[in-house]
Amino acid sequence: MSLKVIDTTLPDAKIVETDVFGDHRGFFTETYTKNKFEEAGINVEFTQDNQSLSVEPGVLRGMHYQLAPYSQTKLLRAVTGAIYDVIVDIRKGSPAYGKWEGFILSEYNHRQLLVPKGFAHGFVTLTPNVNVAYKVDGYYAPDADRGIAFDDPDLDIKWPMPTDHLILSEKDQHHPSFKDAEMNFTYGEDK
């Protein structure tokens, strides 16, 4: 099986594609094989697997990150359904500082997104019953948990549906703006 790693417009963030073998029964793919990822230049020691279920379309989870030294690299995919996944580079000194990019991840395209440390991350569900599975290389640290407002006008993220119809947790409704958020990342550090 081969692994294809595609650069995004944001430094260090990658799309990962694995071979998918399908027939009349369905399909098979290796979503993570450590030695193949290492050969492709992705040397991350993942420590935990997480999964979320969002029942309705329009569920927005984000924009989340953990402060260093508790920051996390994530490798995520949509197991069922489809999401519009957004990342924002929040590393001071990065050529892409404050810039965002969005990607469609779905059960059909089998794409995975590698989100490096120093990025805020969030997604909105495009279909019902979306299961998102993701690996992280660090444990959840409640005291380091932070976020940025998904609708910050300075970031101007173009979500694929009207933002007044989105379904958010109480926490995600009250994140600060990008300029007011606490961030302690510097480009080139904490890789």
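Data block above holds the structure.
Residues numbered from 1 in each chain as written. Predicted model: local features only at pLDDT ≥ 70, side-chain atom pairs only at ≥ 80, totals over all residues. Heavy atoms only, no water.

(A) The arrangement of the sheet that holds strand β6 (residues 60-66) in detail. One open sheet accounts for five strands, arranged β10-β8-β12-β6-β14; its pairing is antiparallel. Either end of the sheet is taken by a strand with one partner, and the two such strands are β10 (100-106) and β14 (145-147). Averaged over all adjacent pairs, the angle separating strand axes in this sheet is 30 degrees, with direction ignored. With three bridges joining them, β6 and β14 adopt antiparallel strand pairing. Across the sheet, the residue bridging to Q66 is D145, located in β14. (Pairing = 2+ DSSP bridges. Helix = DSSP H or I, 4+ residues; strand = E, 2+ residues; numbered from the N terminus. Axes fitted to C-alpha atoms, helices over the stretch in contact; angles between N-to-C directions.)

(B) Broad picture of the nonpolar core. Judged by nonpolar contacts, the single largest core of 23 residues is most densely connected at M63, Y65, V88, I90, I148, W159 and M183. When sequence neighbours within four positions are dropped, the list of residues in contact with Y65 reads I90, F119, A120, A144, D145, R146, G147, I148, A181, E182, M183 and F185. Formed by 16 residues, the second largest nonpolar core is a distinct cluster that contains L113, V115, F119 and V130. (Core = buried A, V, L, I, M, F, W, Y, C linked by side-chain atoms within 4.5 Å. Buried < 20%, exposed > 50% of the residue type's maximum accessible area, 1.4 Å probe, protein only. Contact = heavy atoms within 4.5 Å.)

(C) View of unusual backbone geometry. Cis rather than trans, the peptide bond between G62 and M63 has omega equal to 0 degrees. Looking at the secondary structure, you find M63 in strand β6. Look at the link from A68 to P69: it is a cis peptide, with omega at 10 degrees. Turning to its location among the elements, P69 is positioned in the loop between β6 and β7 (74-80). Positive phi is not limited to glycine here, since H110 has a value of about 55 degrees. Looking at the element boundaries, H110 is found in the loop between β10 and β11 (112-115). According to the relative accessible area criterion, H110 is buried, its value standing at 19%. A positive phi angle, near 55 degrees, is found at D156, a position not held by glycine. Residue placement: D156 occurs in the loop between β14 and β15 (185-186).

(D) Highlighting the layout of surface pockets. Roughly 470 Å³ of volume is contained in the largest pocket. As for the largest pocket, its lining consists of 25 residues, and the residues nearest its centre are N50, H64, Q72, K74 and Y134. (1 Å grid on protein atoms, 1.4 Å probe; cavity = no way out; pocket = protein on both sides within 12 Å on 5 of 7 lines; lining within 4 Å. Points joined across faces, edges and corners; volume = space filled by probe spheres on them.)

(E) Region of the structure containing empty space enclosed by the protein. This structure, assessed with the given rule, holds one cavity of 30 Å³ or more. Each pocket or cavity is described by its volume, and for the largest cavity that value is around 50 Å³.

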